[in-house]
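Residue-level structural notes
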Amino acid sequence: METPFGRSHGQPKTATIVLTLILFTLLFLTIIPVFYPSLGYPFFLLKALSPKPSPTTAYEPQLQSPIKITAGEDCDVFSGKWVPNHNAPYYTNTTCWAIHEHQNCMKYGRPDIEFMKWKWKPEGCELPVLNPVQFLEIVRGKSLAFIGDSVSRNQMQSLICLLSRLEYPKDVSRTKDESFKRLIYPSYNFTMAYFSTPHLVKAEERDPNGPTHTGLFNLYLDEFDQRWTTQIEEFDYLIISGGHWFDRPMVFYENHHIVGGHYCLIENVTDLTKFYGLRKAFRTTFRAINSLENFKGVTILRTFAPSHFENGAWNQGGDCVRRKPFESKETTLDGDSLEFYMIQIEEFESAKRDGRKKGKRYRLMDMTQASLLRPDGHPSRYGHWPNENVTMYNDCVHWCLPGPIDTWNDFLLLILKMEGVRSHQERLYSGGERTGFK
C-alpha cells in the first residue's frame, strides 16, 4: 500500500489503524481552511458575530452562504471580466470619512452611479466581495503596510471605508506628516500604515518646474528610501506598488554619480528612459526587503494599474469620459503600460527567487488586467468643484470611492485567506506552493 510516508510492508494492525487516523486528521485539517477561509470560523458563527448592516450597506448576503473559492491550479483569479453587482456600493461618501477629497466623485457632482455597481468575475471560479468580519478576524493581532504613491493611499482609504461597517481605526501616527500614516483597529489589535514613496527609492526634487513644468527629480537608484525601509521589519504584510511617477523627468544616480536620466534635458546626461529607472527602483526595493534579517512577513506586489487618458496626456488636456467597463476584446495592454507591467513581474520573480533562500515570502496581486478594463472608474473632473479656482488636471489615474479600487481589496482578502491555507499546508508538508497563486 502506498502512503504519504512510503510503501507499507505489512505493519501490524495497530500501526495501520494509527496511520488511518493520521491520514484522516490531515485530510480534515487541509479541507477546513479551504471551505472556511476565515481562520476556521464556521459560517453560523460568523453570522452570529456580524452586526446588522446599516441602511446604507448591503453585505449580509456574503455572510449567509458559503464562500466559493477554487484553490486549484486551474483557476487564475486575475483573469476574468466585470459583471454587474446590484448590491454595491457597500459604503457611500456620506458614511465614510476616509475618502480623499480628490477621489470623492459623488460629492463633486459626478452624475452617474453605474461605475460603482460592478464586481470582478474570474474565469473558472468566484471572487467573493470583501467581508469585513472575515478580514478583521484574519488580521487580528497583525499589521499591514501600503508602500508606494498616492494610488497606494487610494487603496488604503478604500479598505478603511470597506471595514468601516464594523469599526473605524484610530490614528496613532508618529508624525503629523500625512505621507506617513499609522492607524490601529483597537478591537482587533490590527495596525494599518501608509508610507508615501512615489519612486520607492531615495529621491528628491531637483527643480519644482523641470522640462515639463511637473518637476524634475533626482533618483538614487541603488539607495534605499530609509523613510520606510527602516520602519517595516515589524509588519506582517507589505503591499508594494508604484509606476506613475516615473513618467516625470528624472536624473538617475548610482554609486553617488549621475549615470543618466529620463527626459531631464541636461547637457551630457544620457537619456536612459523611464523604464531603466523603474527597473532599478524595483530591484533596489526588493533588495531592501530581502536584506532585512528580522522581517518575517509577506511581501505583496500590487502590479501597475494603467491610466485611461484619451485625446491627450494627463498634462495636455487628456480625459477619461467612458461610462462602462471595457470588454476584454475591446482593449489590450500595450505600450508603456505593458513595459511597466513586464518590468515589475520580472523583478518580482527575481526577488522571489533570491528571497526564498533567506526565508522571505512574496505574493502577487496582479491588478493590471482588471484595472485596464475600468476606464469608467476615475474621478476625471469630479475631484473638485467646477468653479473652484485651482489648477487641476483631469484625473484618470486615481479611482473614485466607492469604485473599482474596492475590488482590489477583494483580492487582498483572498490572498490573505490563501496565505493562511498555504502556511498550514507548509507546516504539514514542510514546503511547496500548493495554491493557484504566485
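Here, the structure is the one placed above.
In short, a report on the structure. (Residues numbered from 1 in each chain as written. Predicted model: local features only at pLDDT ≥ 70, side-chain atom pairs only at ≥ 80, totals over all residues. Heavy atoms only, no water.)

Per the counting criterion, the structure on display carries four disulfides. Here Cys96 engages in a disulfide with Cys161; their sulfurs sit 2.0 Å apart. Here the S-S torsion is close to -85°, and the disulfide linking Cys96 with Cys161 is therefore left-handed. With a gap of 65 residues between them, Cys96 in the loop between strand 3 (76-84) and strand 4 (118-123) and Cys161 in helix 5 (residues 150-163) connect regions that are remote in the sequence. The same class applies to Cys96 and to Cys161, which are both buried. Through a disulfide, Cys320 is tied to Cys396; the S-S separation comes to 2.1 Å. Disulfide Cys320-Cys396: torsion about the S-S bond near -95°, hence left-handed. With Cys320 in the loop between strand 14 (298-302) and helix 8 (335-356) and Cys396 in the loop between helix 9 (368-372) and helix 10 (405-429), the pair connects residues that are 76 residues apart, well separated along the chain. (Disulfide = S-S within 2.5 Å. Helix = DSSP H or I, 4+ residues; strand = E, 2+ residues; numbered from the N terminus. Buried < 20%, exposed > 50% of the residue type's maximum accessible area, 1.4 Å probe, protein only.)

In this structure, Lys360 sits in the loop between helix 8 and strand 15 (361-365). There is no salt bridge for the buried Lys360, and the closest opposite charge comes from Glu233, which lies 7.5 Å off by N-O distance. Among the polar contacts made by the side chain of Lys360, one reaches the main-chain carbonyl oxygen of Leu292 at a distance of 3.0 Å. With near-sequence residues (within four places) excluded, Lys360 lies in contact with Ile289, Asn290, Leu292, Glu293, Phe295 and Gly355. (Lys, Arg positive; Asp, Glu negative; His and termini not counted. Salt bridge = Lys/Arg side-chain N within 4 Å of Asp/Glu carboxyl O. Polar contact = N/O pair within 3.5 Å; in protein donor to acceptor, adjacent residues only side chain to side chain. Contact = heavy atoms within 4.5 Å.)

This next bit is on the packing of aromatic side chains. Counted according to the given criterion, the structure contains 16 aromatic pairs. Judged by centre distance (5.9 Å) and plane angle (35°), the ring pair of Phe252 and Tyr276 falls under tilted. Highlighted residues: Phe252 in strand 12 (residues 250-254) and Tyr276 in helix 7 (residues 273-290), separated in sequence by 24 residues. Its relative accessible area of 27% is what places Tyr276 among the partly exposed residues. Considering the side-chain rings of Phe282 and Phe286, the 6.0 Å spacing of their centres and the 50° angle between planes classify their relative orientation as tilted. (Phe/Tyr/Trp six-rings, centres within 6.5 Å; stacked < 30°, edge-to-face > 60°.)

Here we come to the environment of Gly318. For Gly318, the location among the structural elements is in the loop between strand 14 and helix 8. Residues Gly318 and Ser380, spaced 62 residues apart in sequence, show a C-alpha to C-alpha distance of 9.4 Å. Aside from chain neighbours lying at most four places away, what touches Gly318 is Phe309, Glu310, Asn311, Gly312, Ala313 and Asn394.

Strand order across the open sheet formed by seven strands is 6-7-8-5-11-14-15, with mixed pairing between neighbours. In this open sheet, the two edge strands, each paired with only one partner strand, are strand 6 (170-171) and strand 15. Relative to strand 8 (residues 190-196), strand 5 (residues 143-148) runs parallel, the two being bridged by six bridges. Bridge pairing in strand 8 links Gly148 to Ser196. Of the strands in this sheet, strand 5, strand 7 (180-185), strand 8, strand 11 (237-240), strand 14 and strand 15 touch helix 5, which is tilted by about 155° from strand 8. Strands strand 11, strand 14 and strand 15 of the sheet are contacted by helix 7, whose axis makes an angle of about 170° with strand 11. (Pairing = 2+ DSSP bridges. Axes fitted to C-alpha atoms, helices over the stretch in contact; angles between N-to-C directions.)

All right, on to the pattern of salt bridges then. Here the structure, examined in full by the defined rule, presents 21 salt bridges. The salt bridge partner of Arg279 is Glu346, with a shortest N-O separation of 2.8 Å. One end of the pair, Arg279, is in helix 7; the other, Glu346, is in helix 8, with 67 residues separating them in the sequence. Assessed through its relative accessible area of 23%, Arg279 is described here as partly exposed. Its relative accessible area of 36% is what places Glu346 among the partly exposed residues. Between Arg363 and Glu419 there is a salt bridge, and its shortest N-O distance comes to 2.6 Å. In this pair, Arg363 sits in strand 15 while Glu419 sits in helix 10, placing the two residues 56 residues apart along the sequence. In terms of burial, Arg363 and Glu419 fall into one category: buried.

Once that is clear, we can look at the nonpolar core. In terms of nonpolar packing, the biggest core is built from 57 residues, with Phe135, Phe190, Met192 and Leu412 touching the most fellow members. Considering every element that reaches this core, the biggest residue donor is helix 10, with ten residues. The contact partners of Met192, leaving out residues within four places of it in the chain, are Leu144, Phe146, Met156, Leu159, Ile160, Leu163, Lys181, Arg182, Leu183 and Tyr185. In this structure, Phe246, Phe282, Phe286 and Leu301 belong to the second largest nonpolar core, which totals 37 residues. (Core = buried A, V, L, I, M, F, W, Y, C linked by side-chain atoms within 4.5 Å.)

What the four strands build is an open sheet, ordered 9-10-12-13; its pairing is mixed. Only two strands of the sheet have a single neighbouring strand rather than two, namely strand 9 (201-207) and strand 13 (257-262). Taken over all neighbouring pairs, the strand axes of this sheet differ in orientation by 25° on average, direction set aside. Examined bridge by bridge, strand 12 and strand 13 share five bridges and lie antiparallel to one another. Among the inter-strand pairings, Phe252 is bridged to a residue of strand 13, identified as Gly260. Together, strand 9, strand 10 (216-224), strand 12 and strand 13 form the strand contacts of helix 7, whose direction differs from that of strand 10 by roughly 40°.

Take the pairing of strand 14 next. Most of strand 14 is tucked away, with five of its five residues classed as buried. Neither face of strand 14 is left uncovered, since the one carrying Val298, Ile300 and Arg302 and the one carrying Thr299 and Leu301 both have all their residues buried. In this sheet, strand 14 lies alongside strand 11 in parallel orientation, the contact comprising four bridges. Bridging across to strand 14, Ile240 finds its partner in Leu301. Relative to strand 15, strand 14 runs parallel, the two being bridged by five bridges.

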